[in-house]
Amino acid sequence: MAGQTQLLRRLPGRGRATFGLVSTTSVRLYLESDHLFYVANDRFTESYKRFYFRDIQALVLCRTNAGKTMNAVLTGVAACFAALGLASYNSWNWGSAGLITFGAIAAFFLLLLLVNVAKGPTCLCQLKTAVHTEDLPSLNRIRAARKALALLLQEIETGEV
């Protein structure tokens, strides 16, 4: 193996695979000269999958409404806490302590909202082979998915497949 080095390049994107309501599995994608390397880590074990470029039949990227839904939920929660803060200041005799407390909680949810908006729209990315379809949860934002798919497509086109 002297003189032969295999280089793994990490693809952009980070995400978690969800099973029911719990998302405990962190997924990362790596690019090698002839295959895509899928690493799933659930804190105690790691599992690996290889997808050789010659076996990949399609890469599907679909925009989802999960980001917009999360924006609506975060806006609603922030508005509720802001309203509670104003109500506590005016009528509950808490004075400025209620306004500051509920205002800080509302500001926290507004910060989460800004982070979600800055990350951009959400998507679902799938890799299809002749045998099955694999979700790629690390590519859950459009910007990261497009970068990763461009790198993957470039590697497929320049490789000897």
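Notes on the structure follow. Worth saying up front: this structure is predicted, and the values here are computed from it rather than measured.

The rules behind the values
- Residues numbered from 1 in each chain as written.
- Predicted model: local features only at pLDDT ≥ 70, side-chain atom pairs only at ≥ 80, totals over all residues.
- Heavy atoms only, no water.
- Helix = DSSP H or I, 4+ residues; strand = E, 2+ residues; numbered from the N terminus.
- Expected span 1.5 Å × (residues − 1).
- Buried < 20%, exposed > 50% of the residue type's maximum accessible area, 1.4 Å probe, protein only.
- Contact = heavy atoms within 4.5 Å.
- Pairing = 2+ DSSP bridges.
- Axes fitted to C-alpha atoms, helices over the stretch in contact; angles between N-to-C directions.
- Salt bridge = Lys/Arg side-chain N within 4 Å of Asp/Glu carboxyl O.
- Disulfide = S-S within 2.5 Å.
- Core = buried A, V, L, I, M, F, W, Y, C linked by side-chain atoms within 4.5 Å.

### A closer look at helix 1 (residues 66-91)
Piece 1. In a regular helix each residue adds 1.5 Å, so 26 residues correspond to 38 Å; helix 1 covers 37 Å between its end C-alpha atoms and thus fits that length.
Piece 2. Within the span of helix 1, buried status applies to Gly67, Leu74, Ala78, Gly85 and Ser88.
Piece 3. Contacts made by the buried residues of helix 1 are with helix 2 (96-119).

### Topic: the sheet that holds strand 6 (residues 56-63)
Piece 1. Pairing in this open sheet of three strands is antiparallel, and the strands run 6-7-8 from one edge to the other. Bordering the open sheet on either side are strand 6 and strand 8 (133-135), each of which pairs with just one other strand. Mean inter-strand twist for the sheet, computed between neighbouring axes without regard to direction, equals 20 degrees.
Piece 2. In terms of strand pairing, strand 7 (residues 123-129) meets strand 8 through three bridges, oriented antiparallel. Each bridged residue has a counterpart across the sheet, and for glutamine 126 the counterpart in strand 8 is aspartate 135.
Piece 3. In the packing of helix 3 (residues 142-158) onto the sheet, contacts are made with strand 6 and strand 7, and the angle to strand 6 comes to roughly 160 degrees.

### Side note on the pattern of salt bridges
Piece 1. Across all of its chains, the model carries two salt bridges by this definition.
Piece 2. Between arginine 9 and glutamate 155 there is a salt bridge; the shortest N-O distance is 3.2 Å. Taken together, the positions of arginine 9 in strand 1 (residues 9-10) and glutamate 155 in helix 3 put the pair 146 residues apart, joining distant regions of the chain.
Piece 3. The exposure class assigned to glutamate 155 is buried, which follows from its relative accessible area of 18%.

### Some details on helix 2
Piece 1. In this model helix 2 runs 34 Å from its N-terminal to its C-terminal C-alpha over 24 residues, within 8% of the 34 Å that 1.5 Å per residue would give.
Piece 2. For helix 2, the set of buried residues is Gly98, Phe102, Ala106, Phe109, Leu113 and Asn116.
Piece 3. Residues of helix 2 that are buried in the fold lie against helix 1.

### A closer look at the state of the cysteines
Piece 1. This structure, assessed with the given rule, holds zero disulfides.
Piece 2. No disulfide involves cysteine 123; its sulfur sits 6.2 Å from the nearest other cysteine sulfur, which is in cysteine 125.

### Looking at the pairing of strand 4 (residues 35-41)
Two faces belong to every sheet, and in a regular strand the side chains alternate between them.
Piece 1. Among the seven residues that make up strand 4, six are buried, leaving the element largely enclosed by the rest of the structure.
Piece 2. As consecutive antiparallel partners, strand 4 and strand 5 (residues 46-52) are separated by four residues, and within that stretch arginine 43 has a phi angle of approximately 80 degrees, a positive value.

### Quick word on the environment of aspartate 135
Piece 1. Position of aspartate 135 among the secondary structure elements: in strand 8.
Piece 2. Sequence spacing of aspartate 135 and cysteine 125 is 10 residues, and the spatial spacing of their C-alpha atoms is 6.1 Å.
Piece 3. Residues in contact with aspartate 135, not counting those within four places in the same chain, are Tyr38, Leu124, Cys125 and Gln126.

### Let's talk about the pairing of strand 7
Piece 1. Within strand 7, five of the seven residues are buried, leaving the element largely enclosed by the surrounding structure.
Piece 2. Note: strand 6 against strand 7, seven bridges, orientation antiparallel. The residue bridging valine 60 from the neighbouring strand is glutamine 126, located in strand 7.
Piece 3. Once strand 7 ends, the chain turns through three residues before running back antiparallel as strand 8.

### Thoughts on the nonpolar core
Piece 1. Counting residues in hydrophobic clusters, the biggest one holds 20 residues, and the most contacted among them are Leu29, Leu36, Tyr38, Leu136 and Leu139.
Piece 2. When contributions to this core are tallied by element, the ones reaching two or more residues are strand 3 (22-31), strand 4, strand 7 and helix 3.
Piece 3. Element by element, the count of residues in this core is highest for helix 3, at five residues.
Piece 4. Ignoring sequence-local partners within four residues, the contact set of leucine 29 consists of Arg9, Arg10, Leu11, Leu36, Phe37, Tyr38, Leu136, Ser138 and Leu139.

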